[in-house]
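Architecture and fold: a report
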Amino acid sequence: MNQVPSSHQESSLHFIKDKVFIVTGTRKGIGKALSEYYLSRGGIVCGCARKHASITHNNYRHFCVDVHNEKAVTAMVRSVKKEFGQIDILLNNAGIASMNHILTTPYKTMQDIFATNVFGSFLFLREVAKSMSQSYKKISRDSTMRNAEVWQMPFRIVNFATIATALRLEGEAAYSASKAAIINLTQICAKELSSFGITVNAIAPTPVSTDLIKNVPIEKLNALVASQAIKRFGQIADIANSIDFFIHPRSDFITGQILYLGGVNA
């Protein structure tokens, strides 16, 4: 069930070819699936995880990076920019979760969740946005590049929030709070970065069958799904389709938006 969109959509995704992606958290789960999806459509994917690569492809570059290590993140972004000239799309996917009642949540758990989900997303957003803004200034100065093939807003950042924030789920205070920070970060950065040709949006997935939710009690997951307008678990295809929408050239007037999958009122 967790398959990305089928090949009949490839003709509508021609704009992906040769675009340079940075995707965080690519060793498994959603990050790995999205990386393979965009590689199969001609994209160049530069991924990272704390451990070695699990993807083998000529257009894939892997970096062993802890996303909240500022020096490592900066070095990765600079390396990608040096090899490929510019970075077109950032998918800020890396994240961790923990389910605890607030009275039994260790301080270390809160620190770890915010370090990865908030500080890691912030670092990649900041460093990639610097690179994108430099490229945008270059495009703006070069009259030979200002033509119909250059997007009006050529760069895309997509952050990952969660439906748990909107639902105020018991037992997920730390995780939901970290993703609430991502929502606010997305909406403010959308304003701050628009003048550099960058759109910033976020998707908030419903549960998808990955390692992130493997320790969550099934009754909790079922209760979450029951609160949605469309009462099923999410699939990788749902996430890929949403990202395709945000990064499409025709979506250059869409920024600061949070897309809750499954039909939940935030």
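With an unreviewed UniProt entry as reference, the protein chain is termed SDR family NAD(P)-dependent oxidoreductase, source organism Helicobacter aurati. According to its UniProt record, the protein chain has this under Sequence similarities (unreviewed entry): "Belongs to the short-chain dehydrogenases/reductases (SDR) family."

Digging into unusual backbone geometry
Of note, Asp18 is a non-glycine position whose phi angle comes to about 70°, a positive value. As for its position among the elements, Asp18 is in the segment before strand E1 (20–24).

A closer look at the pairing of strand E6 (residues 198–204)
Counting buried positions over the seven residues of E6 gives seven, a clear majority of the element. Side chains Ile198, Val200, Ala202 and Ala204 of E6 all project onto a buried face; the interleaved residues Thr199, Asn201 and Ile203 project onto the opposite face, where all are buried too. Alignment of strand E5 (residues 155–160) against E6, held across six bridges, turns out to be parallel. Note that in E6 the partner of Arg156 across the bridge is Thr199. As paired elements, E6 and strand E7 (residues 258–260) share three bridges and run parallel to each other. What sits directly across from Ile203, in E7, is Leu259.

Things to note about helix H5 (residues 173–193)
Between its terminal C-alpha atoms H5 stretches 30 Å, which fits the 30 Å expected from 21 residues at 1.5 Å a residue. Within the span of H5, buried status applies to Ala174, Tyr175, Ser176, Ser178, Lys179, Ile182, Ile183, Thr186, Cys189, Ala190 and Leu193. Next to the buried residues of H5 lie helix H3 (107–141), E5, helix H4 (163–167), E6 and E7.

Notes on the sheet that holds E6
The seven strands lie next to each other as E3-E2-E1-E4-E5-E6-E7, forming an open sheet whose pairing is parallel. Each having just a single partner strand, strand E3 (60–64) and E7 make up the two edges of the open sheet. Sheet twist, expressed as the mean angle between neighbouring strand axes with direction ignored, is 15°. Where helix H2 (residues 70–84) meets the sheet, its contacts fall on E1, strand E2 (44–49) and E3, and the angle it forms with E2 comes to roughly 160°. Of the strands in this sheet, E5, E6 and E7 are in contact with H5, which crosses E6 at around 160°.

A word on the packing of aromatic side chains
Under the defined criterion, the tally for this structure stands at three aromatic pairs. Ring pairing ties together the aromatic residues Phe21, Tyr37 and Tyr38, which thus form one cluster.

Criteria and cut-off values
- Residues numbered from 1 in each chain as written.
- Predicted model: local features only at pLDDT ≥ 70, side-chain atom pairs only at ≥ 80, totals over all residues.
- Heavy atoms only, no water.
- UniProt positions renumbered as here; feature names shortened; annotations may be inferred.
- Helix = DSSP H or I, 4+ residues; strand = E, 2+ residues; numbered from the N terminus.
- Buried < 20%, exposed > 50% of the residue type's maximum accessible area, 1.4 Å probe, protein only.
- Pairing = 2+ DSSP bridges.
- Expected span 1.5 Å × (residues − 1).
- Contact = heavy atoms within 4.5 Å.
- Axes fitted to C-alpha atoms, helices over the stretch in contact; angles between N-to-C directions.
- Phe/Tyr/Trp six-rings, centres within 6.5 Å; stacked < 30°, edge-to-face > 60°.

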